[in-house]
Amino acid sequence: MGLSSCSRNQNPKPGEPALIDLPRIFIGYDPRQPLAYTVLQHSIARHSSVPVAITPLILRQLPIKRRGLTEFTYSRFLVPWLCQFKGRALFLDADMVVTGDIAELFDCAGMSAVSVMQEQPKFEWASAMLFNCGACLALTPEYIDDPKNSLFDLAWAPFVGSLPAKWNHCVGYMEPKEADLYHFTQGLPCFFETRGLPEDAVWDEEKRQAMHSVGWAELMSKSVHAEPVLRRMLGRYK
């Protein structure tokens, strides 16, 4: 899998590493549910064929105060500014999991200012946005913080492109099918109220992968740090 939307230093000088502009992914972060961020970011990295740079959008760290249903309702539009209006970058809502190769999504980027999955209600378009940051100069912190600007109408974008439907499958609204990105917009399956849909198994597996660990012996028994641990263990049984 290539990085057609990224750049490499194809001919580095002797001793100089080849440089890669990593796919940049920003995830909306809700302090009430860090589990969502943890599972999503792990699912992206687990299925990606290339290194990725993943950043949580934590409102207290950002130069805006405007918020809505979540802390990242409006901070999502800061992504081009955070990237200094250069290159491509992806925003994702927290209530998602990725099961496809995120590098393939970046390969979908065209010349439009922002690309979204348009085969869903327009209010959901901003849940997954692939920005061409240099074409989004209107999205300054001042513009985003101004309540007169709705932002979700994407009127700030000179042209809105389209992403494949498999990259934002809205669980509970679309017929169940295999996808590369599942959006649990009614609520994650960790809630009793939202369990019972076929796609639950997808999120459950990604959560299991994100939270599991092998035993201590498999990880550490050959480490230089194993000896003091083993001594402590032996002391317990004397």
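Only a predicted model underlies this, so the values are computations on that prediction, with no experimental measurement involved.

Novice: What is the right way to read the pattern of salt bridges from this model?
Specialist: Where charged atoms from two side chains of opposite charge approach closely, those side chains can pair. For the coordinates displayed, the defined rule picks out nine salt bridges. Here Asp30 ties to Arg32 by a salt bridge, and the two come within 2.7 Å at their closest N and O atoms. Since its relative accessible area comes to 10%, Asp30 is described here as buried. Residue Arg32 is classed as exposed on the basis of its relative accessible area of 61%. As a salt-bridge pair, Arg76 and Asp93 come within 2.9 Å of each other at their nearest N and O atoms. One end of the pair, Arg76, is in the loop between β2 (53-57) and α2 (79-82); the other, Asp93, is in the loop between β3 (88-92) and β4 (96-98), and 17 residues separate them in sequence. The residues Arg76 and Asp93 share a single accessibility class, namely buried.

Novice: Hey, could you run me through the packing of aromatic side chains in this one?
Specialist: Each pair of aromatic rings is reported with the distance of its centres and the angle of its planes. The tally for this structure, following the rule as stated, stands at six aromatic pairs. Relative to Phe91, the ring of Phe72 has its centre 6.3 Å away and its plane inclined at 50°; by these criteria the two rings are tilted. Separated by 19 residues along the polypeptide, Phe72 in the loop between β2 and α2 and Phe91 in strand β3 bring together distant segments of the chain. Residue class for Phe91 comes out buried when judged on its relative accessible area of 0%. An aromatic cluster is present here, built from Tyr74, Phe77, Phe131, Phe152 and Trp156 joined pairwise through their rings. Looking at Arg66, its charged tip hangs above the ring of Tyr74, at a distance of 3.8 Å from the centre.

Novice: Would you mind showing me how to read the side chain of His183 here?
Specialist: Take His183: it is sitting in strand β9 (residues 181-183). Here His183 falls in the buried class, since its relative accessible area comes to 0%. For His183, the side chain forms a polar contact with the side chain of Asp95, separated by 3.0 Å. When sequence neighbours within four positions are dropped, the list of residues in contact with His183 reads Asp93, Asp95, Met96, Glu124, Ser127, Asn168, His169, Cys170 and Val171.

Novice: Where do I start with the pairing of β3 in this structure?
Specialist: Residues in a regular strand project their side chains so that they alternate between the two faces of the sheet. Counting buried positions along β3 gives five out of five residues, so the element sits mostly inside the fold. On β3, burial covers both faces: Arg88, Leu90 and Leu92 on one face and Ala89 and Phe91 on the other are all buried. Bridging between strand β1 (residues 24-28) and β3 involves three bridges; their strand directions are parallel. From the neighbouring strand, Ile27 faces β3, where its bridge partner is Leu92.

Novice: Honestly, the pairing of strand β6 (residues 128-132) in this entry has me stumped. Any pointers?
Specialist: Taken across its five residues, β6 has five buried, putting it largely inside the fold. The two faces of β6 match: Ala128, Leu130 and Asn132 on one face and Met129 and Phe131 on the other face are all buried. Inspection of the sheet shows β3 paired to β6 by five bridges, in the antiparallel sense. Across the sheet, Leu90 pairs through a bridge with Leu130, a residue of β6. In this structure, strand β5 (residues 114-116) lies alongside β6, joined through two bridges in antiparallel fashion. Counted as the bridge partner of Ser115 is Leu130 from β6.

Thresholds, definitions, all that
- Residues numbered from 1 in each chain as written.
- Predicted model: local features only at pLDDT ≥ 70, side-chain atom pairs only at ≥ 80, totals over all residues.
- Heavy atoms only, no water.
- Salt bridge = Lys/Arg side-chain N within 4 Å of Asp/Glu carboxyl O.
- Buried < 20%, exposed > 50% of the residue type's maximum accessible area, 1.4 Å probe, protein only.
- Helix = DSSP H or I, 4+ residues; strand = E, 2+ residues; numbered from the N terminus.
- Phe/Tyr/Trp six-rings, centres within 6.5 Å; stacked < 30°, edge-to-face > 60°.
- Lys NZ or Arg CZ within 6 Å of the ring centre and 35° of its normal.
- Polar contact = N/O pair within 3.5 Å; in protein donor to acceptor, adjacent residues only side chain to side chain.
- Contact = heavy atoms within 4.5 Å.
- Pairing = 2+ DSSP bridges.

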